[in-house]
Amino acid sequence: MELFQIISPVCYVVLAPLLGILLAGSDRVITARMQRRKGPPVLQPYYDVRKLMSKERSTVNGVQEFYVLCSLIFMVVTGIMFFAGGNLLLVVFTLTLSAVLLLVAAFSSNSPYAHIGAERELYLIMAYEPMVLFTAIGLYVFSGSFDVYDIATGGTMPILYLLGIFAGLVFILTMKLRKSPFDLGSSHHAHQELVKGTTTEFSGRTLAMVEVMHWYENIFLLGLVALFFFDGTLLGYALGTALCILVYVFEVLIDNSFARMKWQTALKSAWLVALVLGVGNIAVLFAFGG
Amino acid sequence: MSFTTRSPWLIHYDGSSCNGCDIEVLACLTPMYDIERFGIIHTGNPKHADIFLVTGSVNEQNAPVIKQIYGEMLEPKVVIAVGICAASGGVFRRCYNVMGGIDKVIPVDVYVPGCAARPEAIIDGVVKGLEILERKREDVERSRKEGPK
Ligand code: SF4
């Protein structure tokens, strides 16, 4: 256990909301610029959450807020374990737990819109989960350890051997970041055929917690992307940080240039990607002696 | 400083409008006017909305719908009636099914005149509505501090 492994999760807990705000805010500004609009201030996500906190307190039932809170907590735990250099499999499982708890919160109301949104989110989980697992397995085959710490300080950049897995991860990142064409469950944009999908029945403080959860989630996901470039040197860390931001901008571009797809397409394409890029990459690793 | 006025999310409902005002409301979202620069999000969900923008008049059929949307919105909230139809029924006021302006069923805070109301006027109306929203937020805050009566 190194000092770094204590400092970095603490930094995550404190800094992730700040970075998350900036990320979500710049996302909205970049999106606006891509549509030739001026866009909101960069701190807009923060204003939104503060506004939501000051709204009247009211929920559709007693448990919804609790589920959302648990979802937020497990998201933070996911990030803490990841940035502490913990076990990648555990990280993946708590990540899923957090996503599932959000679904449970949506299902706990009687609203048909929330139900459809939650069902679609469920399809998305089905779609991206194999690729997330292959990411963990690929990193294991590459480095011989599931520990993030060992992978990050392994001496070689995982990306050199795991290009296929990296491409697959970027593909499913579109789903995890809730971006078009795979923003089936709920979206920040004005697609309104489902009112607001998963978040339809969340309001005020509950919705604010969902937003904060997304900030934590996005920073964790970018950390996962950056891990592919870490080789224990300062250059690797710098490269990882720069490229995970680039990947995010790329996702924003995809978001703005695609319409929403059907869940069947999402499922098929994500599984195909997982099979070809994920399994293919791991097979190649094995074929050439790991 | 209040965050309510920096992030007003609005829901738009089309009463029995001729669609003239609706198109002007949508024009506010275009790059030309871009209301998102004020932090405004056009949402379809009353539970997320702070501002209720109604175009067109109230008729016998949509009166319950308007009341329901208004009821689902959380305090503090503001109602903005856009166009003459929403204010008084306008050219449709003598129709057998039309009840009149929006204020026949729910309290209206801001009236935006015009047939159709211009996007500039609508944005102006929303900004006026923000002042009222801020006052209402202070009321909510105060009543929360004092606790339930
Ligand atoms: S005010 Fe004029 S433009 Fe607006 S809905 Fe009424 S008739 Fe149509």
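Reading the values: rules and limits
Residues numbered from 1 in each chain as written. Chains lettered and ligands numbered in written order. Predicted model: local features only at pLDDT ≥ 70, side-chain atom pairs only at ≥ 80, totals over all residues. Heavy atoms only, no water. Salt bridge = Lys/Arg side-chain N within 4 Å of Asp/Glu carboxyl O. Helix = DSSP H or I, 4+ residues; strand = E, 2+ residues; numbered from the N terminus. Buried < 20%, exposed > 50% of the residue type's maximum accessible area, 1.4 Å probe, protein only. Polar contact = N/O pair within 3.5 Å; in protein donor to acceptor, adjacent residues only side chain to side chain. Contact = heavy atoms within 4.5 Å. Near = heavy atom within 4 Å. Nonpolar A, V, L, I, M, F, W, Y, C, P; charged D, E, K, R; others polar. Buried area = accessible area lost by both parts, 1.4 Å probe. 1 Å grid on protein atoms, 1.4 Å probe; cavity = no way out; pocket = protein on both sides within 12 Å on 5 of 7 lines; lining within 4 Å. Points joined across faces, edges and corners; volume = space filled by probe spheres on them. Phe/Tyr/Trp six-rings, centres within 6.5 Å; stacked < 30°, edge-to-face > 60°. Pairing = 2+ DSSP bridges. pLDDT = per-residue confidence, 0-100. Right-handed = clockwise from strand over helix to strand, strands pointing away.

Some points on the pattern of salt bridges
Then step 1. All chains considered together, the criterion is met by 18 salt bridges over all chains.
Then step 2. Residue K179(A) is joined to D255(A) by a salt bridge in which the shortest nitrogen-to-oxygen separation is 3.9 Å. Highlighted residues: K179(A) in the loop between α7 (163-176) and α8 (205-227) and D255(A) in helix α9 (residues 234-257), separated in sequence by 76 residues. The two residues K179(A) and D255(A) agree in class, both being buried.
Then step 3. One salt-bridge network, in which partners are shared between bridges, spans R28(A), R37(A), D48(A), D34(B) and E36(B).

Points about the side chain of N61(A)
All names here are of chain A.
Then step 1. For N61, the position within the fold is in the loop between α2 (44-54) and α3 (64-83).
Then step 2. Side-chain polar atoms of N61 contact the backbone nitrogen of V63, separated by 3.3 Å.
Then step 3. Polar side-chain contacts of N61 include one of 2.9 Å to the backbone oxygen of S108.
Then step 4. Among residues more than four places away in sequence, those in contact with N61 are S108 and S109.

Some details on the site of the ligand
Residue and element names in this part refer to chain B.
Then step 1. In the vicinity of the ligand, the residues found are S17, C18, G20, C21, G83, I84, C85, F92, G114, C115 and A116.
Then step 2. Contributing elements (two or more residues each) for the shell around the ligand: α1 (20-27) and α3 (84-88).
Then step 3. Class assignment for the residues of the shell around the ligand results in seven nonpolar, four polar and no charged.

Quick word on the interface of chain A and chain B
A common way to report how large an interface is uses the accessible area buried once the components associate.
Then step 1. Residue-level contacts link 33 residues of chain A with 26 residues of chain B.
Then step 2. Buried surface at the junction of chain A and chain B, both sides included, amounts to about 2,600 Å², of which 51% is carbon and sulfur.
Then step 3. On the chain A side of the contact with chain B, K51(A), K55(A) and E56(A) bury the most area, a combined 24% of that side's loss.
Then step 4. There are six salt bridges connecting chain A and chain B.
Then step 5. Put simply, D50(B) and K55(A) hold a salt bridge, and the shortest N to O gap is 2.6 Å.

Looking at the layout of surface pockets
Residues and elements named next belong to chain A.
Then step 1. Here the second largest pocket defines a volume of roughly 880 Å³.
Then step 2. Of all elements in the fold, only α1 (4-34), α3, α6 (148-152), α8 and α9 reach the threshold of two or more residues within the lining of the second largest pocket.
Then step 3. At 13 residues, α1 tops the list of elements feeding residues into the lining of the second largest pocket.
Then step 4. Of the residues belonging to the lining of the second largest pocket, the class tally is 28 nonpolar, six polar and one charged.

Overview of the packing of aromatic side chains
Residues and elements named next belong to chain A.
Then step 1. Going through the model one piece at a time under the given rule, you end up with 14 aromatic pairs over all chains.
Then step 2. Between F66 and Y67 the ring centres are 6.3 Å apart and the planes differ by 45°, which places this aromatic pair in the tilted class.
Then step 3. In this structure Y67 comes out as partly exposed when scored by relative accessible area, which is 24%.
Then step 4. Here F82 and F220 contribute two aromatic rings whose centre-to-centre distance is 5.2 Å and whose plane-to-plane angle is 90°, an arrangement assigned as edge-to-face. Residue F82 is located in helix α3, and its partner F220 is located in helix α8; the two are separated by 138 residues in the primary sequence.

Observations regarding unusual backbone geometry
Residues and elements named next belong to chain B.
Then step 1. At the junction of E75 and P76, the peptide bond is cis and its omega measures out at -10° in the coordinates.
Then step 2. Mapped onto the elements, P76 comes out in the loop between α2 (63-72) and β5 (78-82).
Then step 3. Residue C115 is joined to A116 through a cis peptide bond whose omega torsion reads -10°.
Then step 4. At N19, a residue that is not glycine, the phi angle is positive and equals roughly 80°.
Then step 5. You can see N19 is positioned in the loop between β1 (9-14) and α1.
Then step 6. Note on N19: relative accessible area 38%, which makes it partly exposed.

So, the sheet that holds strand β3 (residues 51-55) of chain B
All names here are of chain B.
Then step 1. One open sheet accounts for five strands, arranged β2-β1-β3-β5-β7; its pairing is parallel. Each edge of the open sheet carries a strand with a single partner, namely β2 (41-42) and β7 (110-112).
Then step 2. Looking at chain direction, β5 and β7 are connected through three bridges and run parallel. Across the sheet, I80 pairs through a bridge with V110, a residue of β7.

Looking at the confidence of the model for chain B
Then step 1. Per-residue confidence for chain B gives a mean pLDDT of 87; residues scoring 70 or more make up 98%.
Then step 2. Here the prediction assigns the complex a pTM of 0.89, and the interface score ipTM is 0.87.

Observations regarding the pairing of β3(B)
All names here are of chain B.
Then step 1. Burial runs high along β3: five of the five residues are buried.
Then step 2. Burial along β3 is two-sided: I51, L53 and T55 and F52 and V54, pointing in opposite directions, are all buried.
Then step 3. When β1 meets β3, the two strands line up parallel, connected through five bridges. Residue pairing in the sheet places H12 in a bridge with L53 of β3.

Overview of the pairing of β1(B)
When a strand is regular, its side chains alternate between the sheet's two faces.
Residues and elements named next belong to chain B.
Then step 1. Among the six residues of β1, five are classified as buried, and the element is accordingly described as predominantly covered.
Then step 2. Across two bridges, the pairing between β1 and β2 is parallel. Within β2, the residue paired with L10 across the bridge is H42.
Then step 3. Following the chain from β1 across α1 to the adjacent parallel β2, one finds a crossover that is right-handed.

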